[in-house]
Amino acid sequence: MSPPWSTARPIGVLGTGSAVPGDPVETENLVDHMETRFGFRGGRIARAVAGRMGITARHLARPFADREELPRPGQSNAELAADAVRRALADAGSTVGDIAYLIGHTTTPGQLLPGNIAEVADRLGYAGPHIELRQACTGFANALMIASGLLAASDRPVVIVGSETGSLFFDPHRADADSGQLVNMVQMGDGAGAIVLGRTDQARAQICAAWFGAIGLGRAPGISLAPGAREFTHDFGTIRATGHALFDAGRDAARALGHDLAAANWIIPHQVSGRIGALVADRFGLPLARMMVQADRRGNTGSAAIWLALDELRRGVAKSGQSALILGAEASKHMYGGFAYHHG
């Protein structure tokens, strides 16, 4: 296995922000709606799967009135991303004009061209350079690698935003016939999270180290979206076979940079399910109380998940001087990434 790309160069965290569409939709209400609106017959199985995953609610950008839909007004991928950036800038005491570079990552863009981040820039009134990564649950880590290099050459803030509207890539008529679609139905969540990064002398909070790597060489993807497809394809056997290895690789990368899981006040694991905190705590012999998980209330929000969880941690969970380790994992081509965070 090749070593991850990593950096121990501290980065200032100037602000974070979140945006989710509408009120939370409880699993029971979602399944009931699927049964009455689309004639879904697998309600008992769907409820059992949701129970095993520990997901009780999520936010959705579509009303599920028709088989194929556009997002509700104001709740497109780019609109959610722009809202998250605005809130992160407000938290940082910065403006759009302060941004040196804008980085986006998503697997569910509103369109392929122009890039989703170009529409985000338009909605923000941002005329500067931007880049978009087509990446899911480790997009945050890859974006941090890029941001770290940019910040070494600039004194101005770099903004990262992860956003997903995965509910639009779900076919209600296929949930009975395809186990992957049934899992999508009870697991998916929509939203966006953003972070404003800058010099360490501009912020009390810091990202002290970060890493990004992959163990997917020669392996089939665990989750994929074929050209022109409107639904994700899952290979659950492949996902199960690599899951522990991705978390182990993240732990090893953190240790190599001088950060041990046992010393962290908080762990933010990959937000795949509401049970993931218990699984990670058990694997690494850590107290469950240290796990920061919101997938039970927001589902798996893909690219947005880590930034959403960090924003919540910063706004009411972490105390001054505490630390957090983030362990990201992605099934698409079996990637891992994370960072060490100090809450100032």
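Model, not experiment: these values are computed from the prediction.

## Describing empty space enclosed by the protein
Link 1 in the chain: Across all of its chains, the model carries one cavity of 30 Å³ or more by this definition.
Link 2 in the chain: By volume, the largest cavity amounts to about 30 Å³.
Link 3 in the chain: Around the largest cavity, the lining residues are Ala 81, Gly 104, His 105, Thr 106, Asn 116, Ile 117, Val 120, Glu 132, Val 161 and Ser 163.
Link 4 in the chain: Looking at the lining of the largest cavity, the element that brings in the most residues is helix H4 (residues 116-124), giving three residues.
Link 5 in the chain: For the lining of the largest cavity, the residue count by class is four nonpolar, five polar and one charged.

## Details of the pattern of salt bridges
Link 1 in the chain: With the rule as written, the count across this model stands at 22 salt bridges.
Link 2 in the chain: With its nearest N and O atoms 3.2 Å apart, the salt bridge here joins Asp 178 to Arg 174.
Link 3 in the chain: Between Asp 311 and Arg 315 there is a salt bridge, with the nearest N and O atoms lying 2.6 Å from each other. On the criterion of helical spacing, the pair formed by Asp 311 and Arg 315 is a turn pair, its members being four residues apart in helix H10 (residues 305-317).
Link 4 in the chain: According to the relative accessible area criterion, Asp 311 is buried, its value standing at 6%.
Link 5 in the chain: Accessibility expressed as a relative area gives 49% for Arg 315, which makes it partly exposed.
Link 6 in the chain: Salt bridges linked by common partners bring Glu 28, Asp 32, Glu 35 and Arg 47 together as one network.

## Focus on H4
Because each turn of an α-helix spans 3.6 residues, side chains separated by three or four positions in sequence point in the same direction.
Link 1 in the chain: For H4, the set of buried residues is Asn 116, Ile 117, Val 120, Ala 121 and Leu 124. One side of H4 holds all its buried residues, which, seen down the axis, span an arc of 140°.
Link 2 in the chain: The elements touched by buried residues of H4 are helix H3 (77-92), strand S5 (101-105), strand S6 (130-133) and strand S7 (158-164).
Link 3 in the chain: Phi turns positive one or two residues past the end of H4, at Gly 125, with a value near 75°.

## Here we look at the side chain of Glu 231
Link 1 in the chain: Along the chain, Glu 231 turns up in the loop between strand S10 (223-224) and strand S11 (233-234).
Link 2 in the chain: Apart from residues lying up to four places away in sequence, Glu 231 is in contact with Phe 169, Asp 171, Arg 174, Asp 178, Gln 181, Ser 224 and Leu 225.

## A short note on the packing of helix H2 (residues 43-53) against helix H6 (residues 179-187)
Link 1 in the chain: As a packed pair, H2 and H6 sit with axes 9 Å apart at the nearest point and diverge in direction by 60°. Judged by the angle between their axes, H2 and H6 are oblique. For the pair H2 and H6, the crossing hand works out as right-handed. Contacts between H2 and H6 involve Ile 45, Ala 46, Val 49, Ala 50 and Met 53 on the former and, on the latter, Leu 182, Val 183, Met 185, Val 186 and Gln 187.
Link 2 in the chain: Class assignment for the residues of the contact of H2 with H6 results in nine nonpolar, one polar and no charged.

## Quick look at the nonpolar core
Link 1 in the chain: Counting 33 residues, the largest nonpolar core has Leu 144, Ile 160, Leu 197, Leu 313, Phe 339 and Tyr 341 as its most contacted members.
Link 2 in the chain: In terms of residues, this core owes the most to one element, helix H5 (residues 139-152), which gives seven residues.

## Side note on the packing of aromatic side chains
Link 1 in the chain: Per the stated rule, a full pass over the model turns up five aromatic pairs.
Link 2 in the chain: Between Phe 140 and Trp 307, the aromatic rings sit 6.0 Å apart at their centres with planes inclined by 85°, giving edge-to-face as the arrangement. With Phe 140 in helix H5 and Trp 307 in helix H10, this residue pair connects regions lying 167 residues apart in the sequence.
Link 3 in the chain: Judged by relative accessible area, Phe 140 falls into the buried class, the value being 1%.
Link 4 in the chain: Centroid distance Phe 169 to Phe 232: 6.0 Å. Interplanar angle 50°. Geometry classified as tilted. Residue Phe 169 is located in the loop between S7 and H6, and its partner Phe 232 is located in the loop between S10 and S11; the two are separated by 63 residues in the primary sequence. Of the two residues, Phe 169 and Phe 232, both sit in the buried class.

## Thoughts on the UniProt feature "domain: Beta-ketoacyl-[acyl-carrier-protein] synthase III C-terminal" (unreviewed entry) in the protein
Link 1 in the chain: Under the local residue numbering, the UniProt record ascribes the feature "domain: Beta-ketoacyl-[acyl-carrier-protein] synthase III C-terminal" (unreviewed entry) to residues 263-329.
Link 2 in the chain: The span residues 263-329 is 39% helix and 16% strand, and its two end C-alpha atoms sit 21 Å from each other.

Rules behind the numbers
Residues numbered from 1 in each chain as written. Predicted model: local features only at pLDDT ≥ 70, side-chain atom pairs only at ≥ 80, totals over all residues. Heavy atoms only, no water. 1 Å grid on protein atoms, 1.4 Å probe; cavity = no way out; pocket = protein on both sides within 12 Å on 5 of 7 lines; lining within 4 Å. Points joined across faces, edges and corners; volume = space filled by probe spheres on them. Helix = DSSP H or I, 4+ residues; strand = E, 2+ residues; numbered from the N terminus. Nonpolar A, V, L, I, M, F, W, Y, C, P; charged D, E, K, R; others polar. Salt bridge = Lys/Arg side-chain N within 4 Å of Asp/Glu carboxyl O. Buried < 20%, exposed > 50% of the residue type's maximum accessible area, 1.4 Å probe, protein only. Arc of directions from axis to C-beta. Contact = heavy atoms within 4.5 Å. Axes fitted to C-alpha atoms, helices over the stretch in contact; angles between N-to-C directions. Parallel < 35°, antiparallel > 145°, perpendicular 65-115°, else oblique. Left-handed = near helix turned anticlockwise from the far one by under 90°. Core = buried A, V, L, I, M, F, W, Y, C linked by side-chain atoms within 4.5 Å. Phe/Tyr/Trp six-rings, centres within 6.5 Å; stacked < 30°, edge-to-face > 60°. UniProt positions renumbered as here; feature names shortened; annotations may be inferred.

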